[in-house]
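# Tertiary structure, described
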Amino acid sequence: YLEGSTADNRQVDELYELQAYENRRWFVDYPVKIGESWPINPAFFRHLLLRDLGKAQLKASMTLEDVKDVDGTRTAILSFKLDTIEVRDKGAAQSEASASISATGKLHFSLDTMLDREMVFSGLLKTSARNGDHQTSVILPFTIRSTKTIKPSN
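In this text, all values refer to a predicted model and were calculated from it rather than measured experimentally. (Residues numbered from 1 in each chain as written. Predicted model: local features only at pLDDT ≥ 70, side-chain atom pairs only at ≥ 80, totals over all residues. Heavy atoms only, no water.)

Topologically, Leu 111 is positioned in the loop between strand E5 (95-110) and strand E6 (116-131). Considered as a pair, Leu 111 and Asp 69 are 42 residues apart in the sequence and their alpha carbons are 9.9 Å apart. (Helix = DSSP H or I, 4+ residues; strand = E, 2+ residues; numbered from the N terminus.)

Shown next as structure tokens:
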């Protein structure tokens, strides 16, 4: 919320984005072994990827691949998979649209600071629209890389 004022539409979207980032949950509440997978709440990825896909359902899972030292930091190496369940939106007079995303990626998570260090994922965004006898389809490959560092204060 904004103190002392009401958020406009853009600010509401930004607040939801902040909430999705702050509330992401990469881990479960029990110990896992290397190679073990678990479902995760996809809210963070939904906000990052699905802003224009409306009510698309997103399934996400995480797998612990390794724990090792990376640049002097104990780091969990995680892989993840994201898939939407295709959404079809029927509009007026024989128009129809659909969209889906499929992606995989790696996350380096610092066990010393409990923060993401690096996340890279890639996949495909597929969309199609039909209006009467005319159909348009687009398949868009994408790669997203996010790297974070913490600099000590002076």
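Glancing now at the pattern of salt bridges. For the structure shown, the criterion picks out six salt bridges. A salt bridge links Arg 117 to Asp 71, with the nearest nitrogen and oxygen atoms 3.9 Å apart. Here Asp 71 lies in the loop between strand E2 (57-70) and strand E3 (73-85) and Arg 117 lies in strand E6, a separation of 46 residues in the sequence. Assessed through its relative accessible area of 69%, Asp 71 is described here as exposed. Of the charged contacts, one joins Arg 74 and Asp 112 as a salt bridge, the two residues approaching to 3.4 Å between their closest N and O atoms. Here the residue Arg 74 occupies a position in strand E3, and Asp 112 occupies one in the loop between E5 and E6, the gap between them amounting to 38 residues. (Salt bridge = Lys/Arg side-chain N within 4 Å of Asp/Glu carboxyl O. Buried < 20%, exposed > 50% of the residue type's maximum accessible area, 1.4 Å probe, protein only.)

This paragraph deals with the environment of Thr 75. Along the polypeptide, Thr 75 turns up in strand E3. Owing to a relative accessible area of 0%, Thr 75 belongs among the buried residues under this scheme. The contact partners of Thr 75, leaving out residues within four places of it in the chain, are Asp 66, Val 67, Lys 68, Val 70, His 108, Phe 109, Leu 111 and Arg 117. In this structure the side chain of Thr 75 is engaged in a polar contact, spanning 2.9 Å, whose partner is the backbone oxygen of Thr 73. (Contact = heavy atoms within 4.5 Å. Polar contact = N/O pair within 3.5 Å; in protein donor to acceptor, adjacent residues only side chain to side chain.)

A few words now on the nonpolar core. One finds Met 62, Leu 78, Phe 80, Leu 82, Leu 107 and Phe 121 to be the most contacted residues of the largest nonpolar core, which totals 18 residues. Going through the elements one at a time, E2, E3, E5 and E6 are the ones with two or more residues in this core. (Core = buried A, V, L, I, M, F, W, Y, C linked by side-chain atoms within 4.5 Å.)

This part is about the side chain of Thr 63. Here Thr 63 lies in strand E2. Those residues in contact with Thr 63 that lie beyond four places of it in its chain are Gly 35, Glu 36, Ser 37, Trp 38, Ile 77, Leu 78 and Ser 79.

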